[in-house]
Amino acid sequence: MVELVISGNYAQSYAAKLARVQVASAYPITPQTSIVEKIAEFVASGELQAEFIKVESEHSALQACISAAALGARTYTATSSQGLLLMHELLHWAAGARTPVVMGVVNRAVAPPWSIWTDHTDTMAQRDTGWIQFYGESNQEVLDTTLMAFRLAESVEVRLPAMVTEDAFYLSHTVEPVDIPSQEQVDAFLPPREQSSTLQVGTGMRLGSFTGPDLYMEFRHKIARAMARARDVFLEVEDDYARMTGRNHGGLLPTYKADDADTVLVTMGTATTTARGVVDAMRADGHRVGLAKLRTFRPFPTQELRDLASQVDRIGVLDRSFTFGAAGAAFTEVAGALYTGPHRPLLRDFVAGLGGRDVTEVTVREAFLDLLTRDAPESQWVELKSRQEAP
Amino acid sequence: MTKYEVEEDLPEAPIATTPSDVIHTSSWRTFRPVIDLKICTKCNVCWKFCPDDAVAFDGEGFPVIRLDYCKGCAICAEECKPKAITMVKEE
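A brief look at the structure comes next. (Residues numbered from 1 in each chain as written. Chains lettered and ligands numbered in written order. Predicted model: local features only at pLDDT ≥ 70, side-chain atom pairs only at ≥ 80, totals over all residues. Heavy atoms only, no water.)

## Here's the deal with the interface of chain B and chain A
Point 1. At the junction of the two partners, chain B supplies 17 residues and chain A supplies 20 residues.
Point 2. Taken together, the two surfaces of chain B and chain A that pack against each other cover about 1600 Å², and 55% of this comes from carbon and sulfur.
Point 3. Per-residue buried area on chain B facing chain A is highest for E7, E12 and P14 of chain B; these three make up 45% of the total on that side.
Point 4. Where R225 of chain A meets E8 of chain B, a salt bridge forms, and the shortest distance between an N and an O atom there is 3.4 Å.
Point 5. Applying the counting criterion to the chain B and chain A interface returns nine residue pairs in polar contact (both at pLDDT 80 or more). (Contact = heavy atoms within 4.5 Å. Buried area = accessible area lost by both parts, 1.4 Å probe. Salt bridge = Lys/Arg side-chain N within 4 Å of Asp/Glu carboxyl O. Polar contact = N/O pair within 3.5 Å; in protein donor to acceptor, adjacent residues only side chain to side chain.)

Laid out in structure tokens, this is it:
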């Protein structure tokens, strides 16, 4: 094991190299580009024996990975924002064809107006495509989770594509010390793929078959069951990874000082790190507050949230995206999971940090204080610049 | 062909185990294209526009409709410049 000081993007590239990806295909887009640039360098220098397929769009990049993965190759691509939106149709194809493609996504706001800074709208909009979704908090977590994503996606119980996201610039272009596991360790953790269940070389088969109303639902239910199994399989994969490296990032819904908390804020990605500091400061002031991090959005940690709800009075969700006409995307999911469960604490939705607006300690503290003192059904847009009074 | 009845019978991924040319789409047809070889100039426009690869050629280069696959869409008749193709209702 060596320690390198690398960006979140290079953490993705090193993970793809250590995974011995056989086919990589991607189209450049800010702020993702340096991920696949580095992979192209690994291929050019011979450090990675892979086919790097150059294409004319993100749509084709994902199609190249789907086709290769359908035949049994380990595949990787990466994108951001508009590129992910252009891939949308193929995201459904990847999951429907049960191809375990792994993709790095640098979360970037969606145009218009153009923005290259982070928010989670791009990946939230892929919620229903059948992809596993992880949200990274640090460059180390991005590297570790990408390696785990290959094992999870390829496992026979799951066989679904997986995306590992990181916040634009906060991780993508910020360097941190990252422990890089050795190639021998990763080879033991992540052996070559078993034969594809989709297509086999030399056998007459084709993707894109037709199914009538008599059996379409049953194919979709197979995906639903695989995604449900992914919850347990991921915990086993993370246990294995922790035995190898000593690092366990805490499963689907890691918590911070939540055990004796009466008020918990649900966070995603890098805002979590800032929120930890706020929790410490507010605890010093006597508030029993804690955090729960949505590390996986698909599969959704429904049971973990219900367990949390059994011991707290108030849960706030800090959303970095908004579903127009409804509420924050993560909030709607948390509310849905808890309403059908046995415990229903007070729920609040806080929208912050869209388009790369900094989520500072002041931002998080404002959300926490509002959560502690008010009940309001509306989504609260924190630090919104407006002449109107906030509701 | 395998008979699928419930979820557990299905393969993991929705794949087809036969090539698509076993599906004879001719049953969809109401009108069939009939080519008057005295008018045909062998320009190949019918072949170029056929959306289903249902136009082949005979030894002299005249178009021959592959009636197992022709759905009767009449695009060939519409595009034929010398109007050599007539759509005739199937009996």
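## So, the nonpolar core
All names here are of chain A.
Point 1. Counting residues in hydrophobic clusters, the biggest one holds 66 residues, and the most contacted among them are L62, Y76, W131, I132, L143 and L147.
Point 2. With nine residues, the top contributor of residues to this core is helix α9 (residues 216–245).
Point 3. Leave out the neighbours within four places in its chain, and L147 touches A15, L18, A19, P181, V186, F189, L190 and Y241.
Point 4. M124, A329, A330 and F331 belong to the second largest nonpolar core, which has 26 residues in total. (Core = buried A, V, L, I, M, F, W, Y, C linked by side-chain atoms within 4.5 Å. Buried < 20%, exposed > 50% of the residue type's maximum accessible area, 1.4 Å probe, protein only. Helix = DSSP H or I, 4+ residues; strand = E, 2+ residues; numbered from the N terminus.)

## Considering the environment of Q82 of chain A
Residue and element names in this part refer to chain A.
Point 1. Assignment of secondary structure puts Q82 in helix α4 (residues 81–86).
Point 2. On a C-alpha basis, the gap between Q82 and V2 in space is 35 Å, while along the polypeptide they are 80 residues apart.
Point 3. When sequence neighbours within four positions are dropped, the list of residues in contact with Q82 reads I29, R108, A109, V110, A111 and W114.

## Here we look at a nonpolar patch on the surface
Point 1. Side chains of F324, W381 and L384 of chain A sit close together on the surface and give an oily, nonpolar patch of about 370 Å² of accessible area.
Point 2. Tracing the backbone through its elements, the reader meets F324 of chain A in the loop between β13 (314–319) and α12 (329–339). (Patch = residues over 30% accessible without salt bridge, like charges linked within 9 Å, V, L, I, M, F, W, Y side chains within 5 Å. Areas by Shrake-Rupley, 256 points an atom, 1.4 Å probe, with all protein chains shown as cover.)

## Some points on the pairing of strand β6 (residues 132–135) of chain A
All names here are of chain A.
Point 1. With burial as the criterion, each face of β6 is covered, one bearing I132 and F134 and the other bearing Q133 and Y135.
Point 2. Judged from the four bridges that link them, β6 and strand β7 (residues 162–167) form a sheet pairing that is parallel. For F134, the partnering residue across the bridge sits in β7 and is V164.
Point 3. Each parallel crossover has a hand, and the one from β6 via helix α7 (residues 139–154) to β7 is right-handed.
Point 4. Bridging between β6 and strand β12 (residues 296–298) involves two bridges; their strand directions are antiparallel. Looking at β12, one finds that Q133 is bridged to R298. (Pairing = 2+ DSSP bridges. Right-handed = clockwise from strand over helix to strand, strands pointing away.)

## Examining the pattern of salt bridges
Pairs can form between side chains of opposite charge whenever their charged atoms are close.
Residues and elements named next belong to chain A.
Point 1. All told, the structure shown has 30 salt bridges over all chains when counted by the stated rule.
Point 2. In this structure, the salt-bridge partner of R365 is D285, at a minimum N-O distance of 3.8 Å. On the criterion of sequence distance, the pair formed by R365 in helix α13 (residues 361–373) and D285 in the loop between α10 (271–284) and β11 (289–293) is long-range, its members being 80 residues apart.
Point 3. Judged by relative accessible area, which is 31%, R365 ranks as partly exposed.

## With respect to the environment of S27 of chain B
Point 1. With respect to the helices and strands, S27 of chain B occurs in the segment before β1 (31–35).
Point 2. Placed 61 residues apart in sequence, S27 of chain B and V88 of chain B show a C-alpha to C-alpha distance of 15 Å.

## Some points on a negative patch on the surface
All names here are of chain A.
Point 1. A grouping of E157, D232, E236 and D239 is seen on the molecular surface, where their side chains present a negatively charged patch.
Point 2. Along the chain, D239 falls in helix α9.
Point 3. Looking at D239, the relative accessible area reads 41%, which means it is partly exposed. (Lys, Arg positive; Asp, Glu negative; His and termini not counted. Charge placed at Lys NZ, Arg CZ, Asp CG, Glu CD.)

## Focus: the sheet that holds strand β4 (residues 75–80) of chain A
Residues and elements named next belong to chain A.
Point 1. Pairing is mixed across the open sheet formed by seven strands, whose spatial order is β3-β2-β4-β5-β7-β6-β12. This sheet does not close on itself; its edge strands, each paired only once, are β3 (51–54) and β12. The sheet shows a mean angle of 20 degrees between the axes of neighbouring strands, taken without regard to direction.
Point 2. Pairing between strand β2 (residues 23–26) and β3: four bridges, direction parallel. When the sheet's bridge partners are listed, A26 is paired in β3 with K54.
Point 3. Together, β2, β3 and β4 form the strand contacts of helix α3 (residues 58–70), whose direction differs from that of β4 by roughly 160 degrees. (Axes fitted to C-alpha atoms, helices over the stretch in contact; angles between N-to-C directions.)

## With respect to the packing of α3 of chain A against helix α5 (residues 88–96) of chain A
Residue and element names in this part refer to chain A.
Point 1. Put simply, α3 and α5 touch, their axes get as near as 9 Å, and they point 10 degrees apart. Regarding the angle of α3 to α5, the classification is roughly parallel. In contact with H59, L62, Q63 and I66 of α3, α5 contributes E89, L90, L91, W93 and A94.
Point 2. Split by residue class, the contact of α3 with α5 holds six nonpolar, two polar and one charged. (Parallel < 35°, antiparallel > 145°, perpendicular 65-115°, else oblique. Nonpolar A, V, L, I, M, F, W, Y, C, P; charged D, E, K, R; others polar.)

Function cannot be inferred from these measures alone, as they are strictly geometric.
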